[in-house]
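Structural overview for review
Here is what each chain is made of, one letter per residue.
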Amino acid sequence: MIVMKFGGSSVESGDAILRLAGTVKSHLARQPVVVVSAMGKTTNKLLEFAEHARRGDRYLGSRCLDEVQDHHFEVAGQVANGDALQRIETLLQRSFRDLRVILFEVADEGREVTPALLDTIASFGEQMSSEIVAAALESAGIPSVHLDARQVILTDNRHTEAKPLYWESYARLRRVIPYLGDGRVVVMGGFIGATEDGVTTTLGRGGSDLTASIVGAGISADEIQIWTDVDGMLTSDPRVLQGVYCLRSLSYGEAAALAVSGAKVLHPDTVTPAVRQRIPLLIRNSRRPEVEGTRITQAAPRCFNPVKAIACKPDLTVLEIRPQDERDPEVLAAALAEMSARYGMPAEFVCQNNGTIFLALKSAMRYQNLPIELGGCVEVRLHPRSAIITLVGEGIDGTSDIATRTLAALRQIPVTILSSGRSKLAMSLIVPSSEMHRSVEMLHREFFQQIDPAVFAECQESGFQSPQPFANLTESGDSTGGARRRFRPLTPVSQN
Ligand code: ADP
Ligand code: ASP
Ligand code: MG
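This section reports on the structure supplied with the text.

So, how was this worked out
- Residues numbered from 1 in each chain as written.
- Chains lettered and ligands numbered in written order.
- Predicted model: local features only at pLDDT ≥ 70, side-chain atom pairs only at ≥ 80, totals over all residues.
- Heavy atoms only, no water.
- Helix = DSSP H or I, 4+ residues; strand = E, 2+ residues; numbered from the N terminus.
- Rg over C-alpha atoms; globule rule 2.2 N^0.38 Å.
- Buried < 20%, exposed > 50% of the residue type's maximum accessible area, 1.4 Å probe, protein only.
- Contact = heavy atoms within 4.5 Å.
- Areas by Shrake-Rupley, 256 points an atom, 1.4 Å probe, with all protein chains shown as cover.
- Lys, Arg positive; Asp, Glu negative; His and termini not counted.
- Charge placed at Lys NZ, Arg CZ, Asp CG, Glu CD.
- Salt bridge = Lys/Arg side-chain N within 4 Å of Asp/Glu carboxyl O.
- Phe/Tyr/Trp six-rings, centres within 6.5 Å; stacked < 30°, edge-to-face > 60°.
- Near = heavy atom within 4 Å.
- Polar contact = N/O pair within 3.5 Å; in protein donor to acceptor, adjacent residues only side chain to side chain.
- Nonpolar A, V, L, I, M, F, W, Y, C, P; charged D, E, K, R; others polar.

**Some thoughts on the overall build of the protein chain**
Along its length, the protein chain carries 12 helices and 23 strands. Taken against the 2.2 N^0.38 rule, which gives 23 Å for 496 residues, the C-alpha radius of gyration of the protein chain at 23 Å falls within 12% of a compact globule. Along the first, second and third principal axes, the C-alpha atoms of the protein chain reach 65 × 60 × 45 Å. The buried share of the protein chain, taken over its 496 residues, is 54%. Relative to all contacts within the protein chain whose residues are 6 or more apart in sequence, the contacts with residues 24 or more apart total 76%. A total of about 21,400 Å² of accessible surface is found on the protein chain, and carbon and sulfur atoms cover 49% of it. Between the mean site of the 52 positive side-chain charges and the mean site of the 58 negative ones, the protein chain shows a separation of 3 Å.

Here it is in structure tokens:
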């Protein structure tokens, strides 16, 4: 069996869902279980709806729902027919009726918008998209069955950021999926789960990748495929820099390091369930199924490029903190991260470097509310309006010259180099937020001037319209034996 997860843009329209049906059909022999996100930007719209309701704005709340409703009915009509269409229309009617009841209760009767209610509201996105996809498969002649994710994905009760109860979920998945999936494609929504008491929860934004990985581990799948809107894991975030390369392969460790450092194409926890059973994770482009994508496995492929990819996180405030006593800085860094999460300000990055701890929070957070001094620490320095750039690759270790090359490449930019503390496969640095795009471009030029064609592929589409390239030359062969030197049309994406 395999798991095929399709993200928001891969189910955003009738065309996208029909494409999905074709892709699933071509994998039928491998008994796919399909996991889908909400359609397009539905989750954002539902959360916006919740906010209008909270503010008592019945009109805007209702308009939001109208928009989502029209789109869902339109898409259902494009992809389903016969009984399947009738069933899905009844279901959509019931869902929007329930959402309108919530609007009335909140806006008119003062019901509080708790995190639990936010989860209920957000969960409609995946519930509806998965039902539509199941109906689309059925209508395309692919026997399928819908599974409510809340029956199999169990979580704790940290609403909006719930943590999966892995073993309990695996046990349910092992029991339910082979039974339901006997000769049929099981389709379920990602992102949503339930507590053991049956209360709806969500796994945090982008959580459908994690659902796919949990399902894969639960059924001991042969492969977990993440179908999205890019060719695979790219050497840089295409929203920051265009004209980059696509990685053919990566190790679990490298993929996890990139995901936690800002490579949004994978939810940060996706790799964990797959690693235990060594299930390969694949990132594929749903618009270009002919592209082989990125294969993520246990062993890092041999590669002469020490850096495999560059990830970044913008708009941060970085606190540089030093303990006043002899405490183990690693332990203290973990404790500070835990404390900031408890105060509702989850750390975007934390590490210790020679006894100094770096704790990064989103700039919008009120870091002044953190009782740092209670931890027996002194604040040494504050880096406001910063970005953290992370270079990832198993070739990055304590003895490499990556730091020297980084400082030379960014010589006009004020840089603070951090060791990641996490492992020997990442090195992070702080730069001013305003210099992030330029820094990524310069680092990309430095570390990907020569690329190993066994590991990196040309990337033809990155989800953006490419502006006019200023150079597009390719030379073959050089002294490193077989590797090619390329001059790429790199284009930083303008900041807005
Ligand atoms: P989905 O809806 O399919 O889950 P996401 O928007 O969550 O898709 O993730 C895909 C996006 O991740 C890409 O469109 C891209 O903008 C972003 N991204 C950030 N870093 C990377 C990277 N290193 N490689 C590929 N995509 C990246
Ligand atoms: N629909 C959810 C979100 O937008 C989960 C996901 O897409 O993975 O965050
Ligand atoms: Mg995603």
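**Some words on the pattern of salt bridges**
Counted under the stated rule, the structure contains 24 salt bridges. Note that Glu320 and Arg381 form a salt bridge whose closest N and O atoms lie 4.0 Å from each other. With a gap of 61 residues between them, Glu320 in strand S13 (residues 309-323) and Arg381 in strand S16 (residues 377-392) connect regions that are remote in the sequence. On the accessibility criterion, Arg381 (45% relative accessible area) is partly exposed.

**Looking at the packing of aromatic side chains**
Throughout the structure, instances matching the rule amount to five aromatic pairs. Each ring, one from Tyr245 and one from Phe456, has its centre 6.4 Å from the other, and the planes form 65°; the classification is edge-to-face. Here Phe456 lies in strand S20 (residues 456-458) and Tyr245 lies in strand S9 (residues 245-247), a separation of 211 residues in the sequence. The residues Tyr245 and Phe456 share a single accessibility class, namely buried. Summarising the aromatic geometry, the rings of Phe448 and Phe456 are spaced 5.6 Å apart at their centres and angled 75° between planes, so their arrangement reads as edge-to-face. Among the residues examined, Phe448 registers a relative accessible area of 3% and is labelled buried. Judged by relative accessible area, Phe456 falls into the buried class, the value being 1%. Among the aromatic residues, those joined into a cluster by ring pairs are Tyr166, Trp167 and Tyr170.

**Here's the deal with the site of ligand 1**
If you check the shell around ligand 1, you find 16 residues, and the closest are Gly8, Thr228, Asp229, Leu234 and Lys264. Contact distances for ligand 1 include 2.7 Å between an oxygen atom and a side-chain N or O atom of Thr228. Here Arg239 contributes a side-chain N or O atom positioned 3.3 Å from an oxygen atom of ligand 1. Here ligand 1 loses 89% of its free accessible area of 570 Å² to cover by the protein chains. Among the residues forming the shell around ligand 1, the class breakdown is six nonpolar, five polar and five charged.

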